[in-house]
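Coordinate analysis (summary)
Read off the chains here:
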Amino acid sequence: MDSDAIELPDVVGMPTTPTNTTTTTATTATGNDVLTTNSSSHNDATMVIPSSTLPKSVTEQELTQKQQLSSSEDADTMHHHHDLKATKSRRKVKERPPIQLEWKDLTFQVMQKVTPPRDAPVKDKLRSLFKKQTKTILHPMSGHVAPGECLAIMGPSGAGKTSLLNILAQRVKATSGDILVNGEKIGKSFRALSAFVQQDDVMLGNLTVREVMRYAALLRLDERIPISQKMNKIDEILDELGLTKCADTVIGVPGLSKGISGGERKRLSIALELLTEPSVLFLDEPTTGLDAKTALNVMETIVKIAKRGRAVILTIHQPRSDIFRLFDRLLLLARGKIAYFGPANQAVSYFSSLPPIEGGSPDMFQCPDEYNPADYFIDLITDGTGGESEEE
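The model shown is predicted, which means the values in this text are computed figures rather than measured ones.

Some points on unusual backbone geometry
You will see that Asp-105, though not glycine, has its phi angle at about 50°, which is positive. Along the polypeptide, Asp-105 turns up in strand S3 (residues 101–113). Non-glycine residue Glu-277 carries a positive phi angle of around 55°. With respect to the helices, strands and loops of the structure, Glu-277 is situated in the loop between helix H7 (262–274) and strand S9 (280–284).

Dropping the structure here:
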């Protein structure tokens, strides 16, 4: 070793080989900023400066800005989730729009087997097994019902009442004709805007009225609707249909176990369909099997539902006079054809204005005083008189 060379003691952090470059590095450790400067032409040096005397580097400023931006985004995200949660909690049962239902030139035909005469040869009977013929259930007919109106479809057995109701409710497809909803052709979404109450109800007899309503609400209503709101909706419907007193009574099975009455069962069937707030309500023979007073109570409930902005269409066979006066519109069917369509309170005067048929009495279409108009109309169209008349 050269005698003029000076040997330096080893220093922690000092590079072992000299460099000809100058490097400045800023790091952060345990909250302290350490600045290490390496400069050398022939020797190296390491210098530590306290963080209080150092300005913030560009890299740290960018990091601080990113942290502030991230915090702001987190706050916005939390605010968005809060608004979304509040929106979900405010979600309610949808109120359906009012609907005017119209049908034009509606027809319905079915294919049925040919029935040969009893005295027909055996060959003809065998051939008829493979033959079918077209039977017309509904001839071309038109009509309409507006929101807030109750339309009663009346006629004798086999006149086509239930067939027309099923076609209007989109349960059966018509052979020809158009059905319009607020002036537009009916679509698949109509089933979501309407409800159908069948003639024979199917309910679990071991549950109470309130329990059946709760199960229906949980299964049919939007899951985003709060449970408390669903329960309030159930209480409103039970109160509206007069089922509050029997809300905790077991439904029962007719003929097997005791339960609610027939009128209460029918109103419960209607209540189950009102959960979804339908715009159009279809009912098939809602008074079948009920006594006169119970049938009147059920019909008063149905008319009250219609007056709240819903279009109600029902079939009924032969109502009593006070029930007949509740109807807004009447559609009389005879052998698949319309005998009358118009306001129910003008049906009597319409038939009275018809001229008598040849050989008949002048007052043959005159409804007797203190006579049930529904009974008179059924007798009239069943006998085949006046069955071809029609009012739009």
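On we go from here.
Some words on the layout of surface pockets
Space inside the largest pocket adds up to approximately 310 Å³. If you trace the largest pocket, you find 16 residues lining it, with Val-202, Met-203, Ser-269, Leu-272 and Glu-273 closest to the centre. Counting only elements with at least two residues in the lining of the largest pocket, the list comes to strand S8 (194–197), helix H5 (209–220) and H7. Broken down by class, the residue content of the lining of the largest pocket amounts to 10 nonpolar, two polar and four charged.

Some remarks on H7
The end-to-end C-alpha distance of H7 is 19 Å, a good match for the 18 Å that 13 residues give at a rise of 1.5 Å each. Among the 13 residues that make up H7, 11 are buried, leaving the element largely enclosed by the rest of the structure. Along H7, the residues that are buried comprise Gly-263, Arg-265, Lys-266, Arg-267, Leu-268, Ser-269, Ile-270, Ala-271, Leu-272, Glu-273 and Leu-274. The inward-facing, buried residues of H7 contact S8, H5, helix H6 (227–240), S9 and helix H8 (292–306).

Some remarks on the side chain of Ser-194
Here Ser-194 lies in strand S8. We classify Ser-194 as buried; its relative accessible area is 12%. Among the polar contacts listed, one links the side chain of Ser-194 to the backbone oxygen of Phe-190, at a separation of 3.1 Å. Contact partners of Ser-194, with chain neighbours within four places excluded, come to Pro-278, Val-280 and Phe-282.

Quick look at H8
With 15 residues, H8 ought to run about 21 Å at 1.5 Å a step, and its terminal C-alpha atoms sit 21 Å apart, in line with that. Buried residues along H8 sit in contact with strand S5 (150–154), H6, H7, S9, strand S10 (311–315) and helix H9 (321–324). Near the N-terminus of H8, the side chain that reaches the backbone nitrogen of Lys-293, with its oxygen 3.2 Å away, is that of Asp-291.

So, the sheet that holds strand S4 (residues 132–145)
Across the sheet, four strands lie side by side as S4-S3-S6-S7; this open sheet has antiparallel pairing. Of all the strands in the sheet, the pair left with one neighbour each is S4 and strand S7 (184–185). Both S3 and S4 contribute to a ladder of 10 bridges, which runs antiparallel. Bridged to Met-111 within S4 is Thr-134. Together, S3, S4 and strand S6 (176–181) form the strand contacts of helix H3 (residues 161–168), whose direction differs from that of S3 by roughly 120°.

Observations concerning the side chain of Arg-329
Here Arg-329 shows up in strand S11 (residues 329–334). With a relative accessible area of 16%, Arg-329 lands in the buried category. If sequence neighbours within four positions are ignored, Arg-329 has contacts with His-144, Glu-149, Cys-150, Leu-151, Ala-152, Phe-341, Gly-342, Pro-343 and Ala-344.

Details of the pattern of salt bridges
Counting across every chain of the model gives 10 salt bridges. For Lys-233, the salt bridge is made with Glu-277, and the minimal N-O distance between the two is 2.0 Å. Residue Lys-233 is located in helix H6, and its partner Glu-277 is located in the loop between H7 and S9; the two are separated by 44 residues in the primary sequence. Residue classification places Lys-233 among the buried positions, given a relative accessible area of 12%.

Description of the environment of Met-299
Looking at the secondary structure, you find Met-299 in helix H8. Given the relative accessible area of 0%, Met-299 is considered buried. Remark: the alpha-carbon pair of Met-299 and Pro-286, spanning 13 residues in sequence, is separated by 8.0 Å. Apart from residues lying up to four places away in sequence, Met-299 is in contact with Pro-286, Thr-287, Leu-314, Ile-323, Leu-326 and Phe-327.

Regarding the packing of aromatic side chains
Summed over all chains, the structure comprises eight aromatic pairs. Ring geometry for Tyr-340 against Phe-351: centres 6.1 Å apart, planes inclined by 45°, an arrangement best described as tilted. Of this pair, Tyr-340 sits in strand S12 (residues 337–343) while Phe-351 sits in helix H10 (residues 347–352), and the two are 11 residues apart along the sequence. Assessed through its relative accessible area of 0%, Phe-351 is described here as buried. Ring-pair connections join several aromatic residues into one group, and the members of that group are Phe-324, Phe-327, Tyr-340, Tyr-350, Phe-351, Tyr-376 and Phe-377.

Thresholds applied
- Residues numbered from 1 in each chain as written.
- Predicted model: local features only at pLDDT ≥ 70, side-chain atom pairs only at ≥ 80, totals over all residues.
- Heavy atoms only, no water.
- Helix = DSSP H or I, 4+ residues; strand = E, 2+ residues; numbered from the N terminus.
- 1 Å grid on protein atoms, 1.4 Å probe; cavity = no way out; pocket = protein on both sides within 12 Å on 5 of 7 lines; lining within 4 Å.
- Points joined across faces, edges and corners; volume = space filled by probe spheres on them.
- Nonpolar A, V, L, I, M, F, W, Y, C, P; charged D, E, K, R; others polar.
- Expected span 1.5 Å × (residues − 1).
- Buried < 20%, exposed > 50% of the residue type's maximum accessible area, 1.4 Å probe, protein only.
- Contact = heavy atoms within 4.5 Å.
- Polar contact = N/O pair within 3.5 Å; in protein donor to acceptor, adjacent residues only side chain to side chain.
- Pairing = 2+ DSSP bridges.
- Axes fitted to C-alpha atoms, helices over the stretch in contact; angles between N-to-C directions.
- Salt bridge = Lys/Arg side-chain N within 4 Å of Asp/Glu carboxyl O.
- Phe/Tyr/Trp six-rings, centres within 6.5 Å; stacked < 30°, edge-to-face > 60°.

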